[in-house]
Amino acid sequence: MTGDIKLPGGKGINVSRVLNNIGQESTALGFIGGFTGRFITDWLKKEAVGTDFVEIEQDTRIKCKSKSRYRNRNQCSRTSSLRKRV
(Lines give C-alpha, C1' and ligand atoms only; values in the text may rest on other atoms or scores of the structure.)
Protein backbone atom coordinates (compact mmCIF):
# COMPACT_ATOMS: atom_id res chain seq x y z
CA MET A 1 0.00 0.00 0.00
CA THR A 2 1.36 3.39 -0.92
CA GLY A 3 -1.08 5.56 1.03
CA ASP A 4 -4.55 5.98 2.36
CA ILE A 5 -7.33 8.53 2.45
CA LYS A 6 -10.17 8.79 4.93
CA LEU A 7 -13.46 10.39 3.91
CA PRO A 8 -16.86 10.62 5.55
CA GLY A 9 -19.47 8.87 3.47
CA GLY A 10 -22.65 6.91 3.16
CA LYS A 11 -25.72 7.62 1.08
CA GLY A 12 -27.13 10.53 3.10
CA ILE A 13 -23.77 12.08 3.89
CA ASN A 14 -22.69 11.83 0.26
CA VAL A 15 -25.91 13.50 -0.91
CA SER A 16 -25.55 16.30 1.66
CA ARG A 17 -21.92 16.90 0.62
CA VAL A 18 -22.84 17.08 -3.09
CA LEU A 19 -25.78 19.41 -2.43
CA ASN A 20 -23.50 21.64 -0.36
CA ASN A 21 -20.95 21.72 -3.19
CA ILE A 22 -23.59 23.02 -5.62
CA GLY A 23 -24.88 25.62 -3.16
CA GLN A 24 -28.02 23.84 -1.93
CA GLU A 25 -28.75 23.64 1.79
CA SER A 26 -29.08 20.18 3.27
CA THR A 27 -28.92 18.48 6.67
CA ALA A 28 -27.16 15.14 7.16
CA LEU A 29 -29.10 12.89 9.55
CA GLY A 30 -28.40 9.59 11.24
CA PHE A 31 -26.85 7.86 14.23
CA ILE A 32 -23.27 8.77 15.07
CA GLY A 33 -20.84 7.83 17.80
CA GLY A 34 -17.29 7.26 18.96
CA PHE A 35 -14.09 8.34 17.26
CA THR A 36 -15.49 7.79 13.78
CA GLY A 37 -18.55 9.85 14.62
CA ARG A 38 -16.39 12.76 15.77
CA PHE A 39 -14.29 12.45 12.60
CA ILE A 40 -17.41 12.64 10.41
CA THR A 41 -18.95 15.53 12.35
CA ASP A 42 -15.69 17.53 12.31
CA TRP A 43 -15.22 16.95 8.56
CA LEU A 44 -18.78 18.04 7.75
CA LYS A 45 -18.38 21.17 9.91
CA LYS A 46 -15.26 22.11 7.92
CA GLU A 47 -17.29 21.72 4.72
CA ALA A 48 -20.20 23.73 6.24
CA VAL A 49 -22.62 20.81 5.79
CA GLY A 50 -25.57 20.97 8.20
CA THR A 51 -25.97 18.01 10.57
CA ASP A 52 -28.58 16.77 13.00
CA PHE A 53 -27.18 13.44 14.23
CA VAL A 54 -28.43 11.33 17.12
CA GLU A 55 -25.40 10.51 19.27
CA ILE A 56 -24.91 6.91 20.40
CA GLU A 57 -22.24 5.24 22.53
CA GLN A 58 -21.12 2.77 19.88
CA ASP A 59 -18.69 3.69 17.12
CA THR A 60 -20.10 4.69 13.76
CA ARG A 61 -19.58 2.05 11.08
CA ILE A 62 -16.24 1.97 9.25
CA LYS A 63 -15.96 0.78 5.67
CA CYS A 64 -12.54 0.09 4.13
CA LYS A 65 -12.00 -0.12 0.41
CA SER A 66 -8.88 -1.25 -1.38
CA LYS A 67 -8.07 -0.33 -4.95
CA SER A 68 -5.62 -2.10 -7.19
CA ARG A 69 -5.02 -1.63 -10.85
CA TYR A 70 -7.01 -4.83 -11.44
CA ARG A 71 -10.18 -4.16 -9.43
CA ASN A 72 -11.79 -2.43 -6.45
CA ARG A 73 -12.49 -4.64 -3.45
CA ASN A 74 -14.20 -4.08 -0.12
CA GLN A 75 -11.69 -5.22 2.46
CA CYS A 76 -13.30 -4.70 5.84
CA SER A 77 -16.36 -3.37 7.54
CA ARG A 78 -17.14 -2.59 11.17
CA THR A 79 -20.77 -2.13 12.11
CA SER A 80 -21.92 -0.48 15.32
CA SER A 81 -23.74 -2.55 17.93
CA LEU A 82 -26.87 -0.50 17.26
CA ARG A 83 -27.08 -1.74 13.67
CA LYS A 84 -26.66 -5.33 14.81
CA ARG A 85 -29.66 -5.04 17.13
CA VAL A 86 -32.00 -3.46 14.58
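Residues numbered from 1 in each chain as written. Predicted model: local features only at pLDDT ≥ 70, side-chain atom pairs only at ≥ 80, totals over all residues. Heavy atoms only, no water.

1. Here's the deal with the side chain of Arg17
Right, so step 1: Relative to the assigned elements, Arg17 resides in helix α1 (residues 11–21).
Right, so step 2: The contact partners of Arg17, leaving out residues within four places of it in the chain, are Pro8, Trp43, Leu44, Glu47 and Val49. (Helix = DSSP H or I, 4+ residues; strand = E, 2+ residues; numbered from the N terminus. Contact = heavy atoms within 4.5 Å.)

2. Remarks on helix α2 (residues 34–46)
Right, so step 1: An ideal rise of 1.5 Å per residue puts 18 Å on 13 residues; α2 measures up with 19 Å between its terminal C-alpha atoms.
Right, so step 2: Taken residue by residue, α2 has Gly34, Thr36, Gly37, Ile40, Thr41 and Leu44 as its buried positions. Down the axis of α2, the buried set is contained in an arc of 135°. They therefore lie on one face. Among the exposed residues of α2, those pointing more than 90 degrees away from its buried face are Phe35, Arg38, Lys45 and Lys46. (Expected span 1.5 Å × (residues − 1). Buried < 20%, exposed > 50% of the residue type's maximum accessible area, 1.4 Å probe, protein only. Arc of directions from axis to C-beta.)

3. Digging into the nonpolar core
Right, so step 1: The biggest cluster of nonpolar side chains holds seven residues, and these are Ile13, Ala28, Ile32, Ile40, Leu44, Val49 and Phe53.
Right, so step 2: When residues of this core are traced back to their parent elements, those giving at least two are β1 (27–33) and α2.
Right, so step 3: What Ala28 contacts, discounting residues up to four positions off in sequence, is Ile13, Ser16, Leu44, Gly50, Thr51, Asp52 and Phe53. (Core = buried A, V, L, I, M, F, W, Y, C linked by side-chain atoms within 4.5 Å.)

4. Some details on the pattern of salt bridges
Right, so step 1: In this structure the tally under the stated criterion is two salt bridges.
Right, so step 2: The shortest N-O distance in the salt bridge between Lys6 and Asp4 comes to 2.6 Å.
Right, so step 3: Judged by its relative accessible area of 52%, Lys6 is exposed.
Right, so step 4: Between Glu47 and Arg17 there is a salt bridge, with the nearest N and O atoms lying 2.9 Å from each other. Placement of the pair is Glu47 in the loop between α2 and β2 (50–56) and Arg17 in helix α1, with a sequence separation of 30 residues.
Right, so step 5: Accessibility expressed as a relative area gives 24% for Glu47, which makes it partly exposed. (Salt bridge = Lys/Arg side-chain N within 4 Å of Asp/Glu carboxyl O.)

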